[in-house]
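Chains, contacts and geometry: an overview
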Amino acid sequence: RYVPELSTIRKNLRGIEIGAAVTISKVISCLKEEGNVYYSSDSKQVFEKLADHMEKIASGFIRNSASIGGNLVMAQRKSFPSDIATILLAVGSIVSITTGHKHESITLEEFLTRPPMDSRSVLLSVQIPHLEPKGNGNNSGSNSKLIFETYRAAPRPLGNALPYLNAAFPADVSPQVNG
């Protein structure tokens, strides 16, 4: 918590990079921030959906003290049914890890399928990418819209109940023109 590199949030044209020690509550606040000039309305909608889903996780006390990195490491090491891992996988998030002097950035999917991290490795950050509709190729995506939805089935709708099932889906939608 007291290592500045692990506790910072950086926004740029590629997306939002969140230090592994940042609390889930701070991640939610960051994702909901208004007036960010870097991102399109599609990306803002994705960030807001991520934040809305994260608000359903655990209790306020836990979200205020638990870190995003801790949640992802639990998902990797202990097969923890992490809502956060599921929704971040859907948007193609990237994690940065350091082991000794070796630094690497890999997809969250690669991170979760690797053998558990050992005590010499540190999860540094999570990069949530800025997403744009890909379009259909014919019109360069000018009419395309990115839609992102998340779902959670749990014994209780909110709070300290592990989910039975999580899901998240991005969809690139374009109107069909007949003619």
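Structure shown above.
Residues numbered from 1 in each chain as written. Predicted model: local features only at pLDDT ≥ 70, side-chain atom pairs only at ≥ 80, totals over all residues. Heavy atoms only, no water.

Comments concerning unusual backbone geometry
We count it as follows: Helix and strand assignments follow DSSP, with helices taken as H or I runs no shorter than four residues and strands as E runs no shorter than two, numbered in order from the N terminus. Using a 1.4 Å probe on the protein chains alone, a residue whose accessible area is under 20% of its type maximum counts as buried, one over 50% counts as exposed, and one in between counts as partly exposed.
Here the phi dihedral of A58 falls at roughly 55°; this positive angle occurs in a residue that is not glycine. One non-glycine residue, S79, adopts positive backbone phi at about 55°. Mapped onto the elements of the fold, S79 is located in the loop between α4 (68–78) and α5 (83–90). By relative accessible area, S79 is classed as exposed at 65%.

Structural notes on the pairing of strand β3 (residues 94–99)
Formally: Strand pairing requires that DSSP identify at least two bridges connecting the strands.
Across 6 bridges, β3 lies against strand β4 (residues 102–107) in antiparallel orientation. Note that in β4 the partner of I97 across the bridge is E104.

Section: the environment of A167
As a reminder of what qualifies: Residue contacts are counted whenever heavy atoms from the two residues lie within 4.5 Å of one another.
With respect to the secondary-structure elements, A167 resides in strand β7 (residues 165–173). Residues A167 and Y151, 16 residues apart in the sequence, show an inter-C-alpha distance of 5.0 Å. When near neighbours in sequence (up to four residues on either side) are disregarded, A167 contacts T86, E149, T150 and Y151.

Topic: the nonpolar core
Threshold: Remark: nonpolar core denotes a set of buried residues (Ala, Val, Leu, Ile, Met, Phe, Trp, Tyr, Cys) joined through side-chain atoms within 4.5 Å.
Counting residues in hydrophobic clusters, the biggest one holds 39 residues, and the most contacted among them are L31, L50, M54, L72 and F111. If sequence neighbours within four positions are ignored, L72 has contacts with I84, A85, L88, L108, F111, L112, L123 and V126.

Notes on the sheet that holds strand β2 (residues 15–19)
Where we set the bar: Think of each axis as a best-fit line through the C-alpha atoms, taken over the contacting stretch in the case of a helix, with angles from 0 to 180 degrees between the N-to-C directions.
Spatial strand order, β1-β2-β5-β3-β4: 5 strands in an open sheet with antiparallel pairing. Strands at the two margins of the open sheet, each flanked by one partner only, are β1 (9–12) and β4. Across the sheet, the mean angle separating the axes of adjacent strands is 20° when strand polarity is ignored. Here β1 runs beside β2; their pairing, made up of 4 bridges, is antiparallel. Across the sheet, N12 pairs through a bridge with G15, a residue of β2. Strand contacts of α4: β2 and β5 (121–129), with the helix running at about 105° to β5, the strand carrying the most contacts.

Some points on the layout of surface pockets
Formally: A pocket here means an open set of points on a 1 Å grid, computed over the protein atoms alone, that has protein on both sides within 12 Å along at least five of seven lines. A cavity is instead a set of points where a 1.4 Å probe fits but cannot get out; residues with an atom within 4 Å of a point line either one. Grid points are joined across faces, edges and corners, and a volume is the space filled by probe spheres set on the points. Asp, Glu, Lys and Arg are counted as charged, while Ala, Val, Leu, Ile, Met, Phe, Trp, Tyr, Cys and Pro are counted as nonpolar; the rest, among them Gly, fall into the polar class.
Taken as a whole, the largest pocket encloses approximately 230 Å³ of empty space. Along the wall of the largest pocket there are 18 residues; nearest its centre are I57, A58, I62, N71 and F80. Residues belonging to the lining of the largest pocket are distributed by class as follows: 11 nonpolar, 5 polar and 2 charged. Reported here for the second largest pocket is a volume of approximately 150 Å³. In this structure, the second largest pocket is lined by R1, S7, A21, V22, T23, K26, N64, S65 and S67. Here the residues of the lining of the second largest pocket are counted per class, giving 2 nonpolar, 5 polar and 2 charged.

As for the packing of helix α1 (residues 24–32) against helix α2 (residues 41–54)
For clarity, the threshold we go by: Roughly parallel refers to an angle under 35 degrees, roughly antiparallel to one over 145, roughly perpendicular to one between 65 and 115, and oblique to any angle outside these ranges. Handedness of a helix crossing follows the sense of rotation of the near helix relative to the far helix, less than a right angle counterclockwise being left-handed and clockwise being right-handed.
Between α1 and α2, whose axes approach to 8 Å, the crossing angle comes to 150°. Here α1 is positioned roughly antiparallel relative to α2, judged by the angle of their axes. In this structure, α1 meets α2 at a crossing whose hand is left-handed. Across the interface between the two elements, I24, V27, I28, L31 and K32 from α1 touch F47, E48, L50, A51, D52 and M54 from α2. Its residues placed into classes, the contact of α1 with α2 shows 8 nonpolar, no polar and 3 charged.

Things to note about the side chain of N166
Topologically, N166 is positioned in strand β7. Setting aside residues no more than four positions away along its own chain, N166 makes contact with H53, P81, S82, D83, T86, Y151 and R152.

Notes on the pairing of strand β6 (residues 145–153)
In summary, the side chains of a regular strand alternate between the two faces of the sheet. Side-chain alternation along β6 places L146, F148, T150 and R152 on a buried face and K145, I147, E149, Y151 and A153 on a face that remains uncovered. One ladder, built from 9 bridges, connects β6 with β7; its direction is antiparallel. The partner of I147 across the bridge, within β7, is A171.

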